[in-house]
Amino acid sequence: MSIQIENVMPDGFLYEREQNLSHGVYGGMELFILPVDTENQYQIQLYTDAEKIEDREAFFEYLETLPQRYPFVYRAGYNGSNMVYVYVQTREQEDRENLTTVIAGLVSRCTEYGVRNCCAHCKNIAPLHAAAVDHTPLLICDNCLARVTEGAEGKPARRENLPLGLVGALLGVLLGSILWIVIGEIGFIAGIAGYAIVFCGMKGYQILGGKISKAGIVICVLLSCLVIAGAEMVSLGLAIYQEFGEMYGITPGDAFRVIPEFLKEPEVAGGVAKDLVVGYLLAIWASYASIRSAWQQVGKEPERHTVVRF
Ligand SMILES: [Zn+2]
């Protein structure tokens, strides 16, 4: 049996056909009435932040006694965050009268205890609107309404531009590798810049490429691995130049050309290997979470809300 709410609404309440619910103001309180078809009940909803009221224990006790006060009330209480609810069993012909009676009783107690409507999202007692957000009827303030509406109408999703993304990734990893080289110059283990290279690469890809696909992520990771090795070589070349440039009158180009020779020295090779191992490990360790979340986000559109104002 489907419960008809339209014919049992208290006076002054409105029926929203599309959402199949009723809402209205009674004694200054805004309430919703929703049918609960499976239970042959109505649910009365009153958005309020009952934690804020001084005598909340007494108010909660009152709610618990509602089934004793009114035989047609099945259950009543507070949801612990923003809503007082009352389940009213349908008795067909009596429904309008029963709903009106329990709402009148509830509202008069609310007035007595200083219970006031609040925004379902931020719980502010600002000017409120009745609305259905993602098919959930609720009271919502101007600020929160603007926020969810923005999400609802949101800009069209950007599409990936792979060539531009590549350019962005390249710029990003180069930026990160400068950090690697600078840290190496200072004499620190350059490896801690490994994460910066991966991070800047993916950011660069997203900024220029619009958004990143799985292929884009793989490209960024491979590019980062190459650039980490490259940055380490540049660091080494610079070190050689600084060490022997003046002594032997060699140019930076010469210094870079003798890198392979230097790598044959166990001491140099050991230092480079240590930098690279630390660099790769740190890059993997630090980037793992962001790569994984980027991977999982691929193809997902930003959350969109449906908002219907009553
Ligand atoms: Zn709000």
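Residues numbered from 1 in each chain as written. Predicted model: local features only at pLDDT ≥ 70, side-chain atom pairs only at ≥ 80, totals over all residues. Heavy atoms only, no water.

(A) The arrangement of the packing of aromatic side chains in detail. Applying the stated criterion to the full structure yields 10 aromatic pairs. Where Tyr70 meets Phe72, the ring centres are 5.6 Å apart and the plane angle is 35°; that geometry is what we call tilted. Ring pairs connect the aromatic residues Phe59, Phe60, Tyr62, Tyr78 and Tyr113, which therefore count as one cluster. (Phe/Tyr/Trp six-rings, centres within 6.5 Å; stacked < 30°, edge-to-face > 60°.)

(B) The arrangement of the sheet that holds strand S2 (residues 21–26) in detail. Read from one edge to the other, the open sheet built from 6 strands follows the order S1-S2-S3-S4-S6-S5, with strand pairing classed as antiparallel. Both outer strands of the open sheet, strand S1 (14–16) and strand S5 (73–78), are each paired with one neighbouring strand and no more. Each adjacent strand pair in this sheet contributes to an overall mean axis angle of 20°, direction not counted. Examined bridge by bridge, strand S4 (residues 41–47) and strand S6 (residues 83–89) share 7 bridges and lie antiparallel to one another. Along S6, the bridge assignment pairs Leu46 with Val84. Running at roughly 165° to S5, helix H1 (residues 56–69) makes contact with S5 and S6 of the sheet. (Pairing = 2+ DSSP bridges. Helix = DSSP H or I, 4+ residues; strand = E, 2+ residues; numbered from the N terminus. Axes fitted to C-alpha atoms, helices over the stretch in contact; angles between N-to-C directions. Contact = heavy atoms within 4.5 Å.)

(C) Spatial organisation of the environment of Leu175. Structurally, Leu175 can be placed in helix H4 (residues 162–186). The exposure class assigned to Leu175 is exposed, which follows from its relative accessible area of 56%. (Buried < 20%, exposed > 50% of the residue type's maximum accessible area, 1.4 Å probe, protein only.)

(D) Structural detail: unusual backbone geometry. Although it is not a glycine, Asn40 sits at a positive phi angle of roughly 55°. You can see Asn40 is positioned in the loop between strand S3 (29–36) and S4. Residue classification places Asn40 among the partly exposed residues on the basis of a relative accessible area of 32%. Phi is positive for Glu92, which is not a glycine, with a value near 50°.

(E) Up close: the packing of helix H5 (residues 194–209) against helix H9 (residues 266–297). At a minimum axis distance of 7 Å, the contact between H5 and H9 shows a crossing angle of 30°. What the angle tells us is that H5 and H9 run roughly parallel. Contacts from Gly194, Tyr195, Val198 and Met202 of H5 reach H9 at Gly279, Leu282, Ala283, Ala286, Ser287, Ser290, Ile291 and Ala294. Grouping the constituent residues of the contact of H5 with H9 by class yields 8 nonpolar, 4 polar and no charged. (Parallel < 35°, antiparallel > 145°, perpendicular 65-115°, else oblique. Nonpolar A, V, L, I, M, F, W, Y, C, P; charged D, E, K, R; others polar.)

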